[in-house]
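Listed below, chain by chain, are the residues.
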Amino acid sequence: PEDTVTSSFASFIHAARPEQLSPTVRQRSKRMILDSIGVGLVGSTTRVFDIALRYCRELYSSVAVSSVYGKPGVKLSPTLAAFTNGVATHSMDFDDTWHPATHPSGAVLPALLAASQMLPPSTKPSGLDFLLAFNVGLEVQGRLMHFSTEAHDIPKRFHPPSVVGTLGSAAAAAKLLSLSSAQCCHALGIAASLAGAPMANAATQAKPLHVGNATRLGLEAALLAARGMEANPLILDDIPGCSGFGAFYSVYQPKPLSAPGEQHEFLLEKQDIAFKRFPAHLGMHWVVDAALSVRNLFINYAGSFSPSLIRTIVLKIPVSKYINRPFPSSEHQARHSFQFNACAALLDGEVGLGSFSESSIHRQELRELLGKVVVEHPEDNAANFDKMYGEVALLLHSGDVLTGKCDTFYGHWRKPLSKESLLKKFRSNASHVLPEEKIEAIITLVDNLETLSDSSQL
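Note that the structure is predicted; figures quoted are calculated from it, not measured.

What counts and how
- By convention here, each chain's residues receive numbers from 1 onward along its written sequence.
- Local features in a predicted model are, by the rule used here, given only for residues with pLDDT of at least 70; side-chain atom pairs are given and counted only at 80 or more, and totals for whole chains, interfaces and linings are based on all residues.
- Derived side-chain values reflect all non-hydrogen atoms in the structure, with water molecules and hydrogen atoms excluded from consideration.
- Buried means the residue's accessible area, taken with a 1.4 Å probe over protein chains only, is under 20% of the maximum for its type, while exposed means over 50%, and partly exposed covers the values in between.
- Each helix is a run of H or I in the DSSP string that is no shorter than four residues. Each strand is a run of E no shorter than two, and both are numbered from the N terminus.
- Two strands pair under a simple rule: DSSP has to find at least two bridges between them.
- Joining through side-chain atoms within 4.5 Å is the link that ties buried Ala, Val, Leu, Ile, Met, Phe, Trp, Tyr and Cys residues into a set, and such a set is a nonpolar core.
- Any two residues whose heavy atoms approach within 4.5 Å at even a single point are treated as in contact.
- A pair of Phe, Tyr and Trp rings is counted when the ring centres sit within 6.5 Å of each other, with Trp represented by its six-membered ring. The angle between the planes then sorts it: under 30 degrees is stacked, over 60 is edge-to-face, the rest tilted.
- Two conditions define a charge located above a ring, namely a distance within 6 Å from the ring centre to NZ of Lys or CZ of Arg, and an angle within 35 degrees of the ring normal.

J.: Looking at this structure, I do not really get the pairing of strand E6 (residues 401-406). What am I missing?
T.: Remark: a regular strand shows side chains that alternate across the two faces of the sheet. On E6, burial follows the alternation: Leu402, Gly404 and Cys406 on one face are buried, whereas Val401, Thr403 and Lys405 on the facing-out side are not. Pairing analysis gives six bridges linking strand E5 (residues 390-396) to E6, with the strands arranged antiparallel. Residue glutamate 391 lies in a different strand from E6, and its bridge partner there is lysine 405. The antiparallel hairpin formed by E5 and E6 contains four residues in its connecting segment, where glycine 399 sits at a positive phi of about 100 degrees.

Below is the structure:
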């Protein structure tokens, strides 16, 4: 059918051209690609990644052509490589975050990396083709999230990358594989049947599977559509009595996507991305910066950080059940605990990779600080990554009160990481598995992605 929401998305995917990417969009998306690769590389050192990789190597046999993060010489089938690398990307909750809330790069990039290696030499996509497909995947995710006001808040039902990420991956892969408009439409419909994961698995080893599945299943949807599989051509439309993509949201009001051209502005042009400075849920970055601020006040007050002087620690945070965890017992719970991240920042003066080790989580002095935490939910503190704040107040035995507050942490889209900070993060992450010369080669490749003749080199 013509003039439907679904057909408009399919037409956009098919018709998008590299010259429609502005310099701002190109630069921002290259930053995302570099950061996501670094996060995936350090994520390849985690236990959940090892489980996923072993699963793929032991249970599946296929043509192995696509590379795996952090494992030189190991290759898998394209869809399994996408899955494994997607798990790596989200294994530490270290990947980028957009608004409305989702993790856009991890759901798209592994599919494109795997697909670029799958294609025969005569049809290898260029770096510019790769960059365009990546941005098509971002655009579809962002537009879908804007169809529901529910998506603007910290999620309660479905983990967003498992929903919009699956369709974003399908769109990106469809673009890279040069599918027809009709095939793009079917790829979105197939992907919708493969999407969705519940928020109850947040703070467990299952959560990284959400991103792994999104990028894998989106790629599979595009491959199935390329081979002739069909799906509902109205999957994104709001059809009374027949739920399509709107089944994932309580309120769903889709709008057609304008054809790419001079009048189309990519969402990445006006909505930058948040990059994380440490591996934890995005909400933690507000309370950590607030905690570091009040810690400095405390040291000026007392001469050093002395927990014995503190009677109560008050956290003023938004209401969000799955990240309100008073006494986390695992690394994944700790990455999703306002209380843990605030106390770790107070105790150590920083939060980093080592903060989530077993020995760090179960320290006696940290558990004692956790026991002093009281949580408050001010009415003006919305569960929304664009509006929330974090506040940490130390009520001392002396009766004095010291307070630190963060409205916008360093790395938020309103306060982006500098190029130097982003490169420092990438080099640090990649150094866990790659030698320096390969790290610098990746930086150069991504920086010059538009000029690359064969994107599979990446």
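J.: How should I be thinking about the nonpolar core in this particular structure?
T.: Within soluble globular proteins, side chains that are nonpolar tend to cluster in buried spots. Core analysis: the biggest nonpolar cluster contains 97 residues, and Leu236 and Phe245 have the highest contact counts within it. When residues in this core are grouped by element, the largest group, 10 residues, is from helix H6 (residues 127-145). Beyond its immediate stretch of four places on either side in the chain, phenylalanine 245 contacts Leu144, Val163, Val164, Leu167, Ile235, Leu236 and Tyr252. Ala101, Ile154, Leu370 and Phe409 belong to the second largest nonpolar core, which has 49 residues in total.

J.: What is the right way to read the packing of aromatic side chains from this model?
T.: What describes a pair of aromatic rings is the distance from one ring centre to the other and the angle between the planes of the rings. The final tally for this structure, using the stated rule, is 11 aromatic pairs. The interplanar angle of 40 degrees and the centroid separation of 5.7 Å between the aromatic rings of phenylalanine 340 and phenylalanine 356 together place this pair among those described as tilted. With phenylalanine 340 in helix H13 (residues 338-348) and phenylalanine 356 in the loop between H13 and helix H14 (358-361), this pair connects stretches of sequence that are 16 residues apart. Given a relative accessible area of 4%, phenylalanine 356 falls into the buried group. A cation sits over an aromatic face here: arginine 216 above phenylalanine 83, 5.9 Å from the ring centre.

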